[in-house]
Each structure stands twice: as C-alpha cells, then as structure tokens.
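Structure at a glance
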Amino acid sequence: MRILALNSGSSSIKCALLDLEAPARLEVRVEGIGGSAALVAGGERRPLGKLDYRQATELLLGEVSSRTTAPVDAAAHRIVHGGAFADPVVVDSDVVAAIEQATALAPLHNPPALAVLRA
C-alpha cells in the first residue's frame, strides 16, 4: 500500500510518499509560498517564483508523479484545526465546511490546508 501524506503550513507544503511494502520513501516540499517559492526534492532545490497554495500543490503533486509510476492508494492531510473532529475522517463537503468554520481558530494554517484539499 502506498500512502501520500501531506502537511501544509503557513508558508510551505510537505509531502511524503510512503510504501508500506518497501523501505522506499519519497519526500518533496515547496517552501516560501506567497513569496519566493522553491521546490525541494531529491537533495535538489529549484526556485519557482511566487506561487499560491493551489499552484504549489499542483507542482508538488506533479513532482511526485514524475518520480514514481506506481499508483497512490490513499492520501492523508494533517489539518491544524478541523473543528469537532478528533479522529481521522474521509474528506467530503461537510468536512470542508467544518474546517472553513474553524478557520478563525487557525487563521494561518486552515486557509492553506483548504487550498491543498481542493487542489
């Protein structure tokens, strides 16, 4: 099983592709979102210019896709404050609405997380 784990922050998105049947782990991140962004993967740093979270997520996922051909079985994203959720949930429109309503509790983190979910 291959799981893509995402974690967006106030100016970055990090991801790791974990293969539960092999020790392989692919890590990619985009730093400096909203300013001078850079993609970091495989020990290389590539300048990207100014990006928003949607653009950064698309580039990050494109980079992951370019480095592996095997399908991803599941994806997970850590959200700083999801409202009443205490356990992992499958994201649907009700979950997105609850995260939007909790944005005042994590104003630097929830808007980027929502942008990543939508992308």
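Overview of the structure. (Residues numbered from 1 in each chain as written. Predicted model: local features only at pLDDT ≥ 70, side-chain atom pairs only at ≥ 80, totals over all residues. Heavy atoms only, no water.)

**Remarks on the environment of E21**
On the secondary structure map, E21 appears in the loop between β2 (12-19) and β3 (25-31). On the basis of relative accessible area, E21 is assigned to the exposed category, the value being 70%. Through-space distance from the C-alpha of E21 to that of M1 is 6.6 Å; in sequence the pair is 20 residues apart. (Helix = DSSP H or I, 4+ residues; strand = E, 2+ residues; numbered from the N terminus. Buried < 20%, exposed > 50% of the residue type's maximum accessible area, 1.4 Å probe, protein only.)

**Describing the nonpolar core**
The biggest cluster of nonpolar side chains holds 18 residues, and the ones touching the most others in it are I13, C15, V28, V30 and L60. Looking at this core, the elements with two or more residues in it are β1 (2-8), β2, β3, β4 (37-41) and α1 (53-67). Top element by residues in this core is α1. It accounts for four residues. Those residues in contact with C15, other than ones at most four positions away along the chain, are L4, A5, L6, L26, E27, V28, L60 and V64. (Core = buried A, V, L, I, M, F, W, Y, C linked by side-chain atoms within 4.5 Å. Contact = heavy atoms within 4.5 Å.)

**As for the sheet that holds β3**
Taking strand neighbours across the sheet as the criterion, the six strands line up as β5-β4-β3-β2-β1-β6 in an open arrangement whose pairing is mixed. Only two strands of the sheet have a single neighbouring strand rather than two, namely β5 (44-49) and β6 (74-78). This sheet shows a mean twist of 15 degrees between the axes of neighbouring strands, independent of strand direction. Direction of pairing for β3 relative to β4: antiparallel, over a ladder of four bridges. Each bridged residue has a counterpart across the sheet, and for V30 the counterpart in β4 is L39. The strands that helix α3 (residues 110-118) touches are β1, β2 and β6; relative to β1, the one it contacts most, it runs at about 145 degrees. (Pairing = 2+ DSSP bridges. Axes fitted to C-alpha atoms, helices over the stretch in contact; angles between N-to-C directions.)

**A word on the pattern of salt bridges**
Tallying each qualifying case throughout the model produces eight salt bridges. R67 is the salt-bridge partner of E63, the closest N and O atoms lying 2.7 Å from each other. Placement of the pair is E63 and R67 together in helix α1, with a separation of four residues, close to one helical turn. A single salt-bridge network, built from bridges that share partners, covers R29, E31 and R45. (Salt bridge = Lys/Arg side-chain N within 4 Å of Asp/Glu carboxyl O.)

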